[in-house]
Amino acid sequence: MGDSTKFIFTTGGVLSSLGKGLASAAIGALLESRGLRVTIQKLDPYINVDPGTMNPFQHGEVYVTDDGTETDLDLGHYERFTHASLGKDSNFTTGKIYYSVISKERRGDYLGGTIQVIPHITNEIKDSIRRVATDVDVVIVEIGGTIGDIESLPFLEAIRQFKVDQGPENVVYIHLTLVPYIPTAGELKTKPTQHSVKELQSIGIVPDILLCRTDRFLPDEIKKKIALFCNVGVEAVITAKDVDNIYEVPLVFHREGLDDQIIKKLNIWTRSPRLDAWEALIDRINSLDTKVTIAIVGKYVQLIESYKSLNEALFHGGLPHNCKVNLEFIDSEEIVDQKTCRNLLGHVDGVLVPGGFGSRGIEGKIRAVRFAREQRVPFFGICLGMHVATIEFARNVVGLKDANSAEFDKKTPHPVIYLMLEWYDEQTRTVQKRDADSDKGASMRLGAYSCTLKEETLAACAYGTPDISERHRHRYEFNNDYRQQLEDAGLIISGTSPNGELVEITEIADHPWFLGCQFHPEFKSRPMDPHPLFKAFIGAALGFSRNK
Ligand code: GLN
């Protein structure tokens, strides 16, 4: 850890979902705009060791980093807003912290001492924070949960000690609260903020800056009142006003003087912020003049957060075309025949089947693929979406009745997608082995893998380079025993692992745009740098809508 590394801790009060993740990401963007190198870490108080096994219905998307860590979806915001490279040390949970302490205790590392929350757990937390403090000027640490949660206490105690350890000029606490407008009273209410700050102070943390989430700019007298009751300077009370588009947040914070406050309190000098790229992005977002409608045919359609990165990547994909992307989430279980396909998909400009697990709703997804293939609607299948596209092609084009993925039907006569029992993993340079029972736990292909593209395919044309790297999270693979037969019928294998063994991208001939990929391209899309496949897909959808 560099001696001069500075730390920012963001906590949240009053209630959850105020946008602490976004706020932390936006702070990162602002500091980068001043030439500082930042990284962002999330500390999650829940007991799960990582979010990999958590239900997307409850917890939203599992975000995957290049090194294959399954993380909280807030890390997606951090990567979309900053250049920070995140990995295994960027997300810690109570489970992961305790796991490490208990392993040390079992190994005898504590020499028989009594293991306690303070200092053992808190030290472990502080060590985890220090671990990411290399080669950066500022570490931003977001504490998950809301002040007052029992689970948060060890984390809060650890960050309280952190300021004592590092010195006050090296640590800033930023607290995000809510200042609701009560229409019947015609007033903005500061009491929830006062209570939340009091709670924080009772455990020894005095916030330096308050980010007040509200639907309108806070008038001076409200800021003064909050400052007085919460023991902060009035200039450190920042309006975190609701925005139409999340990418406006850095600019709103900047106009409120947030980055000035941070660098003053951390006692650092930087160049003045260069926010032209963010301003240009917002100008573009505000002047989108065309529109396409994309159907997302999936399972986790009730909770939008389940497809967080996907939604963002589709939005990014529209930007180079000046195109607004309207999303329609369709529960695949509702697609019971081709007639429902026509009703639900007849008006859309593109169909996307996202990643997923388990057999529920699979037949509906296969019907949606068939509709897109036959009606020549642009189609994009991601991971599970590529699996169902392969099954559909095998069944309805090649005529392999009952073709399926071994994930959904272990006894299928034609497992066109299956659990590959052995292959040479070029990334780790090891032979990977699986058996029929390894369908849970550590058997996934996770993280960044290289892929080589075939010339003159949709993929090669979109990427403009033959060598790419994309992030994976799946167990099942394309079955090479069916490769020739499917290719002979018109399937194009446009991307494979460099040694050719693993099929990574498939397309079909004689269709305007039909592509399935084994990886998750959505994790690498950025607003300033939309992912090539999403850009190409939206381009094709736009072409389709114009020709309708
Ligand atoms: N369930 C499939 C597998 O495990 C696909 C996973 C995904 O879509 N991420 O291979």
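As shown above, the structure is provided for reference.
Residues numbered from 1 in each chain as written. Predicted model: local features only at pLDDT ≥ 70, side-chain atom pairs only at ≥ 80, totals over all residues. Heavy atoms only, no water.

Before going further, it helps to spend a moment on the nonpolar core. A general feature of soluble globular proteins is that nonpolar side chains tend to end up buried together. Ile 8, Leu 31, Ile 226, Phe 253 and Ile 262 are the most contacted members of the largest nonpolar core, which totals 60 residues. Ranked by residues supplied to this core, first place goes to helix α1 (residues 20-33) with eight residues. Apart from residues no more than four positions distant in its own chain, Ile 8 is found in contact with Ile 27, Leu 31, Val 138, Val 139, Ile 140, Val 141, Val 172, Ile 174, Ile 262 and Leu 266. Met 386, Ile 391, Ala 406 and Val 416 belong to the second largest nonpolar core, which has 41 residues in total. (Core = buried A, V, L, I, M, F, W, Y, C linked by side-chain atoms within 4.5 Å. Buried < 20%, exposed > 50% of the residue type's maximum accessible area, 1.4 Å probe, protein only. Helix = DSSP H or I, 4+ residues; strand = E, 2+ residues; numbered from the N terminus. Contact = heavy atoms within 4.5 Å.)

This paragraph deals with the pattern of salt bridges. All chains considered together, the criterion is met by 36 salt bridges. A salt bridge links Lys 104 to Glu 124, with the nearest nitrogen and oxygen atoms 2.7 Å apart. One end of the pair, Lys 104, is in helix α4 (residues 94-107); the other, Glu 124, is in helix α5 (residues 117-131), with 20 residues separating them in the sequence. Taking the relative accessible area as the measure of exposure, Lys 104 reaches 22% and is therefore partly exposed. Judged by relative accessible area, Glu 124 falls into the buried class, the value being 5%. Across the pair Glu 187 and Lys 189 runs a salt bridge, and its minimum N-O distance is 3.3 Å. Glu 187 gets classed as partly exposed once you look at its relative accessible area, which sits at 39%. Look at the salt bridges and you will find they share partners, linking Lys 20, Lys 42, Asp 44, Asp 72, Asp 74 and Glu 142 into a network. (Salt bridge = Lys/Arg side-chain N within 4 Å of Asp/Glu carboxyl O.)

Interpretation note: all reported values are geometric properties and have no functional meaning in isolation.
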